[in-house]
Amino acid sequence: MLQPQADIIREEFMIPSDTDGIELFVRNKRHSSLATFTPERTLLFVAGSTYPASTSFDLPLDGVSWMDHLARRGFDVYLVDIRGYGRSTKPAEMAAPPLDHAPIVRTPVAVADVGAAVAFIRTRRGLDRINLMGWSWGTTIMARYTSDHPDHVAKLILIAPQWLRTTPSAADASGALGAYRIVDRAAAKARWLNGVPEDRRTAILPDAWFETWAEATFAQSELGPDRLRAPNGTVQDSRDYWASGKPIYDPAQIKVPVLIVHGDLDRDCPIDMAQAVFERLSSTPTRSWVEIRDATHSLFLETRRWQAFDAVDGFLATARSEAGRSHGGVVAS
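Residues numbered from 1 in each chain as written. Predicted model: local features only at pLDDT ≥ 70, side-chain atom pairs only at ≥ 80, totals over all residues. Heavy atoms only, no water.

A. Representation of the pairing of strand β4 (residues 76-81). Counting buried positions over the six residues of β4 gives six, a clear majority of the element. Neither face of β4 is open: one carries D76, Y78 and V80, the other V77, L79 and D81, and all of them are buried. The pairing of strand β2 (residues 23-31) with β4 spans five bridges and is classified as antiparallel. Of the residues in β4, the one forming a bridge with F25 is D81. Examined bridge by bridge, strand β3 (residues 42-46) and β4 share four bridges and lie parallel to one another. Within β4, the residue paired with F45 across the bridge is L79. Chirality of the crossover, the property in question, places the unit of β3, helix α1 (residues 66-72) and β4 among those that are right-handed. (Buried < 20%, exposed > 50% of the residue type's maximum accessible area, 1.4 Å probe, protein only. Helix = DSSP H or I, 4+ residues; strand = E, 2+ residues; numbered from the N terminus. Pairing = 2+ DSSP bridges. Right-handed = clockwise from strand over helix to strand, strands pointing away.)

B. Structural context of the environment of S288. Positionally, S288 belongs in strand β10 (residues 286-292). A sequence separation of 28 residues divides S288 from I260, and the C-alpha atoms of the two residues are 6.2 Å apart.

C. Representation of the pattern of salt bridges within the structure. Applying the stated criterion across every chain yields a total of 26 salt bridges. Notably, a salt bridge pairs E12 with R27, separated by 2.9 Å at the nearest N-O pair. Of this pair, E12 sits in strand β1 (residues 8-16) while R27 sits in strand β2; the two residues are 15 residues apart in sequence, bridging distant segments of the chain. Judged by its relative accessible area of 31%, E12 is partly exposed. Using a relative accessible area of 5% as the deciding quantity, one classes R27 as buried. (Salt bridge = Lys/Arg side-chain N within 4 Å of Asp/Glu carboxyl O.)

D. The packing of aromatic side chains, seen in detail. In total, this model carries 20 aromatic pairs according to the counting rule given. An angle of 90 degrees between the planes, with centres 5.3 Å apart, marks the rings of W192 and W213 as edge-to-face. With W192 in helix α4 (residues 185-192) and W213 in helix α6 (residues 207-218), the pair connects residues that are 21 residues apart, well separated along the chain. One aromatic cluster is present, formed by F45, F57, W66, W135, F300, W306 and F309 through successive ring pairs. Taking the ring centre of F75 as reference, the NZ or CZ of R41 above it sits at 4.3 Å. One residue, R287, lies across the ring of F278, its end atom 4.4 Å from the ring centre. (Phe/Tyr/Trp six-rings, centres within 6.5 Å; stacked < 30°, edge-to-face > 60°. Lys NZ or Arg CZ within 6 Å of the ring centre and 35° of its normal.)

E. Highlighting the packing of helix α2 (residues 107-125) against helix α3 (residues 137-148). Here α2 crosses α3 at 65 degrees, and the two axes come no closer than 9 Å. Put simply, α2 runs roughly perpendicular to α3. Regarding α2 and α3, the two cross each other, and that crossing is right-handed. Between α2 and α3, the residues in contact are T107, A110, V111, V114, G115 and V118 and W137, T140, I141, M142, R144 and Y145, respectively. When grouped by side-chain class, the residues that make up the contact of α2 with α3 number eight nonpolar, three polar and one charged. (Axes fitted to C-alpha atoms, helices over the stretch in contact; angles between N-to-C directions. Parallel < 35°, antiparallel > 145°, perpendicular 65-115°, else oblique. Left-handed = near helix turned anticlockwise from the far one by under 90°. Contact = heavy atoms within 4.5 Å. Nonpolar A, V, L, I, M, F, W, Y, C, P; charged D, E, K, R; others polar.)

F. Quick peek at unusual backbone geometry. Of note, the phi angle at V105 is positive, near 60 degrees, even though the residue is not glycine. Relative to the elements of secondary structure, V105 occurs in the loop between β4 and α2. Even without being glycine, S136 reaches a positive phi, approximately 60 degrees. Looking at the element boundaries, S136 is found in the loop between β5 (130-135) and α3.

G. Just empty space enclosed by the protein, in detail. Within the structure shown, the criterion is met by five cavities of 30 Å³ or more. Together, 13 residues line the second largest cavity, and G86, K90, S221, L228 and R229 are the ones closest to its centre. Here the residues of the lining of the second largest cavity are counted per class, giving four nonpolar, six polar and three charged. (1 Å grid on protein atoms, 1.4 Å probe; cavity = no way out; pocket = protein on both sides within 12 Å on 5 of 7 lines; lining within 4 Å. Points joined across faces, edges and corners; volume = space filled by probe spheres on them.)

H. Molecular detail of the nonpolar core. Counting 52 residues, the largest nonpolar core has F45, F57, W66, I157, I159, W213 and F300 as the members making the most contacts within it. Membership of the second largest hydrophobic core comes to 50 residues, among which are A117, L132, L156 and M273. (Core = buried A, V, L, I, M, F, W, Y, C linked by side-chain atoms within 4.5 Å.)

I. Local environment of the side chain of R83. Looking at where R83 falls in the secondary structure, it is placed in the loop between β4 and α2. By relative accessible area, which is 6% here, R83 ends up buried. Within polar-contact distance, the side chain of R83 engages the side chain of T19 at 2.9 Å. (Polar contact = N/O pair within 3.5 Å; in protein donor to acceptor, adjacent residues only side chain to side chain.)

J. Summary view of helix α9 (residues 305-317). The end-to-end C-alpha distance of α9 is 18 Å, a good match for the 18 Å that 13 residues give at a rise of 1.5 Å each. Buried residues of α9: R305, Q307, A308, F309, A311, V312, D313, F315 and L316, and no others. (Expected span 1.5 Å × (residues − 1).)

Spelled out as structure tokens, the structure:
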């Protein structure tokens, strides 16, 4: 992996969670010239149900990660790995055979971990609010936190949001669920490109980009370079809630500006999920939607990623006072 650029300051922390013995990995990046910190230019990332934020949002492709991009634009940008993922503490259940314990790290636990990270950032910078961005399961985590703590959130960005489903989650192999599941490196690429026509796959996800991501992500695993453990709490939540007609949060309770970004080839969280969330955002002062063509569930790690970057840049630059406006659009080729 490329080293951070000289103009970007990078700091890493292990912060306490609400559970004894569990610490959370937090990374911060900002430009060396940044001297003033504001809610509008502070942002926290969280990832989805299988992979950590630390190898998703700070992965240099063509030399630049999303964190680098935002830092260069004057943002104080953070990510947090939820417990059990990446460089955060692995719960003790992950050291035992999976079927010895029930699924771990369910959504309320993840929301509490995000709460710990938000509190750390707010205290560190003396801020009342920050911006939040979640991907996939991370959209549920961030949306639920925002519903519960509206005074702590400036704006909310949802990348490929979850909602009620009529088909099983792509992370659910059916059968009995243990504390965690084993994810195979080769299977990861097949899932990533599920539904993408063969003749478009390399144009969307260059082989070298996938290998860069896989090397970074699986290198953190104690199982070797080709397998990793992922907590099953989110899979149990999918069965108990999303696949049972019971939402984990109510979009109508979100009262801050919201941006949804979605890829038209996303098979993990299809377009009807994004539509359902967007339609229910009845209390937000502004809501925007950008649909990116030739992009999958992992759109910000693909060749169309700059369209996601541009959409988020524009959303974060929009004045909070633009109340009552609703936007939708398609970012085409």
